[in-house]
Amino acid sequence: MLGKGVVGGGGGTKAPKPSFVSYVRPEEIHTNEKEVTEKEVTLHLLPGEQLLCEASTVLKCVQEDSCQRGIYGRLVCTDFKIAFLGDDESALDNDETQFKNKVIGENDITLHCVDQIYGVFDEKKKTLFGQLKKYPEKLIIHCKDLRVFHFCLRYTKEEEVKRIVSGIIHHTQAPKLLKRLFLFSYATAAQNHTATDPKNHAVMFDTLQDWCWELERTKGNMKYKAVSVNEGYKVCERLPAYFVVPTPLPEEDVPRFQGHGIPIWCWSCHSGCALLKMSALPKEQDDGILQIQKNFLDGIYKTIHRPPYETVKTEDLSSNFLSLQEIQTAYSKFKQLFLIDNSTEFWDTDIKWFSLLESSSWLDIIRRCLKKAIEIIECLEAQNMNVLLLEENASDLCCLVSSLVQVMMDPHCRTRFGFQSLVQKEWIVGGHCFLDRCNHLRQSDKEEHQRQLSLPLTQSKSSPKRGFFREETDHLIKNLLGKRISKLINSSEELQDNFREFYDSWRSKPPNYHGLLLPHIEGPEIKVWAQRYLRWIPEAQILGGGRVATLSKLLEMMEEVQRLQEKIEERHHSQEALQAEAASLLRTSARLSSLFPFALLQRHSSKPVLPTSGWKALGDEEDLAKREDEFVDLGDV
């Protein structure tokens, strides 16, 4: 009985209020409570993870309107995550064939994944923060991965409610010291597994040998070399301890501007071309310093641009691409479409779903990132050019674009260990500011999408907004009106034709899953991940359903349309029969109503309305308004 409980009404969109009141608490249902608690799910802790607080008899609610159905269990908080342990999940734990995450369970929330915490007081929802004077009867947690959890605390002991609510608020929202982060205790407690073969484990890129192995794997060791000039981070903390630079580059140039202006190798193509990234030199007003920087960059540029044997194309992501504020604003709008507490609220937004989704610009940002990666691939693959990504610190958009390029071009990066190595190389060792971007230390009281502290001081202006289907329209205009007019429409995209030709050429061939793989980038192809985000639609939540679930729903809709068509045809036939009957009545003696055609026709009565004697009294000069309606023969009409 404690496994799944029902308290209240059913799960319709507007379920009636519960009419049954139980005065028996759930823990009093079973007299043999000890036998039930023995079947509780065991809490799995990672090395170094510690249990901080817990509460029993918590109801994890099904997210439906006016419904309190759900699963009873324990709600626990550790120094790494919030976890719900349902009383009926023991059977799932014994299922070895079930595919599941070995670190984070379905009902687990890492502390850094918590976005907002709300409490329900007398059916009113309020944001929770700081010390509470009154504790809620229901806890709602919004996650950064757009999940929403509802926990009913009505049947939990008051002392346990205080401990679990205060513990969750403190450990997810209070400012922290760096050494208090869980990763340090995990690193200390976890065993250090070392493997000799890089193909069978994720490469950490924390040694010179790891970089040499990656150079050899990508055939980039002929033109590039691994250096240890920043060993111990004596040059710059932003740069990794070991990294790869062009072979002609003198190592003494690296510390000259603290690593700025140095082309750092990311990956080499099979053609010998390479993808590189560079952090921009600091902006100076002094003409003498500007001349020194120019001379320095000219010398650096010659190490990667030696025509006709080797050429380079520079992609300035700080000025010609997205800004971080633009991405942050779009994400904030996008997540509001999914951080919804009940299905009624979800379906209320269905009327304006597409307009809200379009106005968020999130799907367009995804599309522009994919398109930018394909443009770089076209330079590497078709034009045999090196590509240099330029950004202020080369640690935000450079990480994103470089990762996309490697996933599309390198089949090794699409394997489990290869993808882990890619994240380690481009994001962790590459210097992405996870601590600031994710606000892990909770140093700001403001909500994260309103913060500006973590964003770079110098921000480029956001690029002009383009419609979601604009570029497909541009391509069509170029085909219809010719290049001369298309230059007037969009003269800034000089490489649009080369990109489109390369992309269409690849799409016309059968895909090689062990080679280059390009995504669909047309507007209608960029969709919301239904199984991840549309949790209010049951068909979209079928595990592994995918296209099968979509096809099944389409078949149901087709059957419904067919049934409606049959009903329409039946009504059409019945209307034809009524019209035929009406026509036959009109052909006989019928009288037009004064409300024709809005009222039915009046049948002529064989009995006169006025007596026969009355007709004789009516003369030819009688008032026409007093005359009876004339009989009309509609047979010839």
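What counts, and where the lines are drawn
Residues numbered from 1 in each chain as written. Predicted model: local features only at pLDDT ≥ 70, side-chain atom pairs only at ≥ 80, totals over all residues. Heavy atoms only, no water. UniProt positions renumbered as here; feature names shortened; annotations may be inferred. Disulfide = S-S within 2.5 Å. Buried < 20%, exposed > 50% of the residue type's maximum accessible area, 1.4 Å probe, protein only. Patch = residues over 30% accessible without salt bridge, like charges linked within 9 Å, V, L, I, M, F, W, Y side chains within 5 Å. Areas by Shrake-Rupley, 256 points an atom, 1.4 Å probe, with all protein chains shown as cover. Salt bridge = Lys/Arg side-chain N within 4 Å of Asp/Glu carboxyl O. Helix = DSSP H or I, 4+ residues; strand = E, 2+ residues; numbered from the N terminus. pLDDT = per-residue confidence, 0-100. Contact = heavy atoms within 4.5 Å. Pairing = 2+ DSSP bridges. Phe/Tyr/Trp six-rings, centres within 6.5 Å; stacked < 30°, edge-to-face > 60°. Lys NZ or Arg CZ within 6 Å of the ring centre and 35° of its normal. Axes fitted to C-alpha atoms, helices over the stretch in contact; angles between N-to-C directions. Parallel < 35°, antiparallel > 145°, perpendicular 65-115°, else oblique. Nonpolar A, V, L, I, M, F, W, Y, C, P; charged D, E, K, R; others polar.

In the annotation of an unreviewed UniProt entry, the protein is listed under the name Myotubularin-related protein 12 and assigned to Balaenoptera musculus. As recorded by UniProt, the Sequence similarities (unreviewed entry) comment attached to the protein reads in full: "Belongs to the protein-tyrosine phosphatase family. Non-receptor class myotubularin subfamily." Under the Function (unreviewed entry) heading, UniProt states for the protein: "Acts as an adapter for the myotubularin-related phosphatases. Regulates phosphatase MTM1 protein stability and possibly its intracellular location. By stabilizing MTM1 protein levels, required for skeletal muscle maintenance but not for myogenesis."

A. Seen up close, the state of the cysteines. For the structure on display, the rule yields zero disulfides. Not part of a disulfide, Cys152 finds its nearest cysteine sulfur in Cys61, a span of 5.0 Å. You can see Cys273 has no disulfide; the closest cysteine sulfur is in Cys269, sitting 6.3 Å from it. Using a relative accessible area of 6% as the deciding quantity, one classes Cys273 as buried.

B. Representation of a nonpolar patch on the surface. Judged by side-chain polarity, Leu551, Leu554, Leu555, Met557 and Met558 come together as a nonpolar surface patch covering roughly 490 Å² of accessible area. Tracing the backbone through its elements, the reader meets Leu554 in helix 18 (residues 546-587). Looking at Leu554, the relative accessible area reads 43%, which means it is partly exposed.

C. Geometry of the UniProt feature "coiled-coil region" (unreviewed entry) in the protein. Using the residue numbers shown here, the UniProt feature "coiled-coil region" (unreviewed entry) corresponds to residues 551-581. Taken end to end, residues 551-581 comprises 100% helix and 0% strand; its first and last C-alpha atoms sit 45 Å apart.

D. Region of the structure containing the confidence of the model for the protein. On average, residues of the protein score 78 in pLDDT, and 72% of them are at 70 or above. Contacts of residues 29-39 to residues separated by more than four positions or lying in other chains number nine contacts, the stretch itself having pLDDT below 50. The model gives residues 90-97 a pLDDT under 50, and that stretch makes five contacts with residues more than four places away or in other chains.

E. Quick look at the pairing of strand 3 (residues 70-78). Most of strand 3 is tucked away: eight of the nine residues are buried. The pairing of strand 3 with strand 4 (residues 81-86) spans five bridges and is classified as antiparallel. Bridge pairing links Leu75 to Phe84 in strand 4. Counting the residues between successive antiparallel strands, the hairpin from strand 3 to strand 4 contains two residues.

F. Local environment of the packing of aromatic side chains. Summed over the entire model, instances satisfying the criterion amount to 14 aromatic pairs. Measuring from centroid to centroid gives 6.0 Å for Phe149 and Phe151, while their planes differ by 5 degrees, and the two rings are stacked. Comparing Phe149 with Phe151 shows no difference in burial state: the two are buried. The rings of Tyr331, Phe334, Phe338, Phe346, Trp347, Trp353 and Trp362 are connected pair by pair, giving a single aromatic cluster. A cation over a ring is seen here: Lys371 above Phe499, with NZ or CZ 4.6 Å from the ring centre.

G. Structural context of the sheet that holds strand 14 (residues 312-316). A sheet is described by the order of its strands in space; here four strands give the open sequence 12-13-15-14, paired in mixed fashion. One side of each edge strand has no neighbouring strand; the edge strands of this open sheet are strand 12 (264-268) and strand 14. On average, each strand axis in the sheet is inclined to that of its neighbour by 25 degrees, with strand direction left out of account. Strand direction decides the pairing type here: strand 12 and strand 13 (residues 274-279), joined by four bridges, are antiparallel. Of the residues in strand 13, the one forming a bridge with Trp265 is Leu276. Of the strands in this sheet, strand 13, strand 14 and strand 15 (386-391) are in contact with helix 10 (residues 362-381), which crosses strand 15 at around 145 degrees.

H. How the structure looks around the environment of Gly299. Within the secondary structure layout, Gly299 lies in helix 6 (residues 287-301). Relative accessible area serves as the criterion here: at 38%, Gly299 is assigned to the partly exposed category.

I. Highlighting the packing of helix 7 (residues 324-336) against helix 10. Packing of helix 7 against helix 10 leaves a shortest axis separation of 9 Å and a crossing angle of 135 degrees. The angle between helix 7 and helix 10 falls in the class oblique. Contacts between helix 7 and helix 10 involve Glu326, Ile327, Ala330, Tyr331 and Phe334 on the former and, on the latter, Trp362, Ile365 and Arg368. A breakdown of the residues in the contact of helix 7 with helix 10 according to their chemical character gives six nonpolar, no polar and two charged.

J. Local environment of the pattern of salt bridges. Throughout the structure, instances matching the rule amount to 23 salt bridges. The residue Glu375 makes a salt bridge to Lys371 at a minimum N-O spacing of 2.6 Å. Linking Glu375 with Lys371, this pair stays in helix 10, spanning four residues, or about one helical turn. With a shortest N-O distance of 3.7 Å, Asp504 and Arg500 are connected by a salt bridge. Taken together, the residues span about one helical turn, with Asp504 and Arg500 both in helix 16 (residues 496-507) at a distance of four residues. Arg500 gets classed as buried once you look at its relative accessible area, which sits at 7%.

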